[in-house]
Amino acid sequence: MFETILCIIIIGIIVIAVVKKVSKGVDKSNYKDYIILDNMPNDFKQVYDKLYEEHILELENMRKKVRIREIFKYICLLLFFIGYFVMDFDGVLFSQTIDMVISLIGFISLVLFMVLVFRSRKYKKSYKLSYKKEIVSNFIKLLNPNLEYKPITDNPQQILDYYRSANFDNKTFNKFYCDDYIEGFITDDIYLKMTDVHIRRETGSGKNRHVEEIFQGLFAITKCNKNIGTTVKISKNKMKILEKKDRVEMDSNEFEEYFDVYSQNKIVAMQILTSDIMEMLLNFYKKYQLAFEIIFENSTIFLRFFTGPMFEPKIFGNSMDKELLFIYFETIKFTTQLTQKVNKVIQDTEI
């Protein structure tokens with residue numbers, strides 16, 4: 001009897017942990033801990049305050065409807081597991097009548113859980129679309145009025161082809177999801193595309209099913225004004241057990257402390273990574289501790305930021321979380337500024 005009760009308690013703890021994980025999303029990064037609200041620019045604060053005043057009541061009402069369904073859903077799941085253990089128990093746990101009632105409640109809870117899973121989808125979808133349409137799109141416009149935001153990507157195959165051609169880490173994957181598409185001219189001659197992507201590798205099935213998370217975060221693509229004729233890769237420092245022959249040693253010891261640079265053409269790599277560019281990359285990483293990688297491939301620039309899921313409103317927390325919106329704002333602003341600066345360097349360099 002003691003062992004059964006202990007199992008029920010353990011399952012309850014697991015279910016609570018699942019709820020917390022769902023509420024936070026799959027995000028192993030810790031960059032949110034480094035955001036300081038006092039340093040937010042005035043233009044961000046003004047837009048945030050205006051949008052907060054206009055939309056917070058509606059969004060919070062929608063969020064609470066979603067939240068209460070999520071809570072009930074996992075309570076039903078917990079009750080089902082309790083009922084299952086009581087029903088599966090070899091003998092009488094409490095009494096035949098009580099055991100039968102608990103088992104029946106468990107069966108009913110499973111039915112309710114499945115109903116809630118189906119019914120809560122429309123509330124989640126409505127809440128997310130309102131958040132993205134009313135909040136996210138306005139912050140994108142604040143960065144650059146020429147940028148267009150779409151919650152759903154029109155051409156996911158094109159994004160997949162871009163990501164494969166970037167060849168960030170040589171890892172194979174068979175599941176690719178993308179949404180939240182941003183594109184437009186950030187200057188007269190620089191066109192930028194950004195999207196939230198989720199990539200993983202799934203193998204096996206049933207009990208043998210294994211899921212490997214490859215990447216989830218912001219992926220950006222833009223074109224250089226000039227073909228550099230080679231590949232230059234900038235990534236966060238890895239453990240250097242063996243040195244790769246294409247690794248480029250930069251002049252900045254501080255930059256070397258945080259980043260690795262690889263290229264077959266070391267001269268071009270050093271021409272692109274001027275002291276200003278290296279300082280820009282260093283400042284952004286040290287400020288937010290947000291890992292990112294950049295690849296220059298002939299006339300294309302690929303960037304990816306390990307943000308975890310982007311542009312998703314909180315279910316267990318403020319629907320207009322200021323820190324969350326600010327890191328989206330800063331990441332996209334950094335991408336646009338870096339793209340412009342790199343293009344200018346390439347344009348002014350004889351490559």
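Heads up: these notes are all about the structure in this document. Residue indices follow the written sequence of each chain, beginning from 1 at its first position. Residues qualify for local features only when their pLDDT is at least 70, as the model is predicted, and side-chain atom pairs are given and counted only at 80 or more; totals for whole chains, interfaces and linings, by contrast, use all residues. Working from all heavy atoms in the structure, the side-chain values ignore hydrogens and water.

1. Quick look at the packing of aromatic side chains
- Ring pairs shown here join Phe, Tyr and Trp side chains whose ring centres sit within 6.5 Å, with only the six-membered ring taken for Trp; geometry is labelled stacked below 30 degrees between planes, edge-to-face above 60, and tilted in between. Enumeration according to the criterion identifies 31 aromatic pairs in this entry.
- Seen in terms of ring centroids, Tyr 163 and Phe 215 are 6.2 Å apart; in terms of plane orientation they differ by 25°. Their pairing is stacked. Linking Tyr 163 in helix H4 (residues 156–166) with Phe 215 in strand S4 (residues 210–223), this pair joins segments that are 52 residues apart in sequence. Assigned by exposure class, Tyr 163 and Phe 215 land together as buried.
- A ring pair is formed by Phe 284 and Phe 334, whose centres lie 4.0 Å apart and whose planes are at 10°; its orientation type is stacked. Residue Phe 284 is found in helix H7 (residues 275–288), and its partner Phe 334 is found in helix H8 (residues 322–348); the two are separated by 50 residues along the sequence.
- By relative accessible area, which is 6% here, Phe 284 ends up buried.
- Here Phe 334 falls in the buried class, since its relative accessible area comes to 5%.
- Cation placement over rings: the criterion is NZ of Lys or CZ of Arg within 6 Å of the ring centroid and within 35° of the ring normal. A cation over an aromatic ring shows up here: Arg 69 above the ring of Tyr 123, its NZ or CZ 3.8 Å from the ring centre.
- Seen from the ring of Phe 215, Arg 304 lies directly overhead, with NZ or CZ sitting 5.0 Å from the centre. Numbering of helices and strands starts at the N terminus; helices are DSSP runs of H or I of at least 4 residues and strands are runs of E of at least 2. When accessible area is computed with a 1.4 Å probe and restricted to protein chains, residues below 20% of their type maximum are described as buried, those above 50% as exposed, and intermediate ones as partly exposed.

2. Re the pattern of salt bridges
- By definition, a salt bridge exists where a carboxyl oxygen of Asp or Glu is found within 4 Å of a side-chain nitrogen of Lys or Arg. All chains considered together, the criterion is met by 17 salt bridges.
- A salt bridge links Glu 70 to Lys 124; the shortest N-O distance between them is 3.1 Å. Placement of the pair is Glu 70 in helix H2 (residues 42–88) and Lys 124 in helix H3 (residues 96–143), with a sequence separation of 54 residues.
- Note on Lys 124: relative accessible area 23%, which makes it partly exposed.
- Glu 202 is the salt-bridge partner of Arg 200, the closest N and O atoms lying 2.9 Å from each other. Glu 202 carries the same exposure label as Arg 200, and that label is buried.

3. Here we look at the environment of Leu 110
- Within the secondary structure, Leu 110 is located in helix H3.
- For Leu 110 and Lys 73, which are 37 residues apart along the polypeptide, the C-alpha to C-alpha distance reads 9.3 Å.

4. What about a nonpolar patch on the surface?
- A cluster of nonpolar side chains, Ile 68, Ile 71, Phe 72, Ile 75, Leu 79, Val 101, Ile 105 and Phe 316, forms an exposed patch at the surface whose accessible area comes to about 630 Å².
- For the nonpolar patch, the leading source of residues is H2, giving 5 residues.
- Considering the arrangement of structural elements, one finds Phe 72 in helix H2.
- Classification of Phe 72 by relative accessible area gives partly exposed; the value is 45%. Exposure above 30% relative accessible area and the lack of any salt bridge qualify a residue for a patch; like charges then connect within 9 Å, and the nonpolar side chains Val, Leu, Ile, Met, Phe, Trp and Tyr within 5 Å. In short, Shrake-Rupley with a 1.4 Å probe defines the accessible areas, and a residue's cover is counted only from the protein chains shown.

5. Points about the environment of Leu 142
- By the element assignment, Leu 142 lies in helix H3.
- Not counting the four nearest positions on each side in its chain, Leu 142 is found in contact with Asp 43, Phe 44, Val 47 and Phe 329. Contact definition: two residues touch when any of their heavy atoms are within 4.5 Å.

6. Quick word on the sheet that holds strand S6 (residues 247–248)
- Note on pairing: two strands pair once DSSP finds at least 2 bridges between them. Here 9 strands make up an open sheet; going across it, the order is S1-S2-S3-S4-S9-S8-S5-S7-S6 and the pairing antiparallel. Only two strands of the sheet have a single neighbouring strand rather than two, namely strand S1 (148–150) and S6.
- By the bridge criterion, 5 bridges tie strand S5 (residues 231–236) to strand S7 (residues 259–263) in an arrangement that is antiparallel. Looking at the pairing, Lys 233 lines up with Tyr 262 of S7.
- Lines fitted to the C-alpha atoms define the axes, with helices restricted to the stretch that makes contact. Angles between their N-to-C directions range from 0 to 180 degrees. Helix-sheet contacts for H3 involve S1 and strand S2 (175–185), and the interaxial angle to S1 is about 155°.
- In the packing of H4 onto the sheet, the strands contacted are S2, strand S3 (191–203), S4, strand S8 (292–297) and strand S9 (300–305), and the crossing angle to S2 comes to about 95°.

That is the geometry; function is a separate question.
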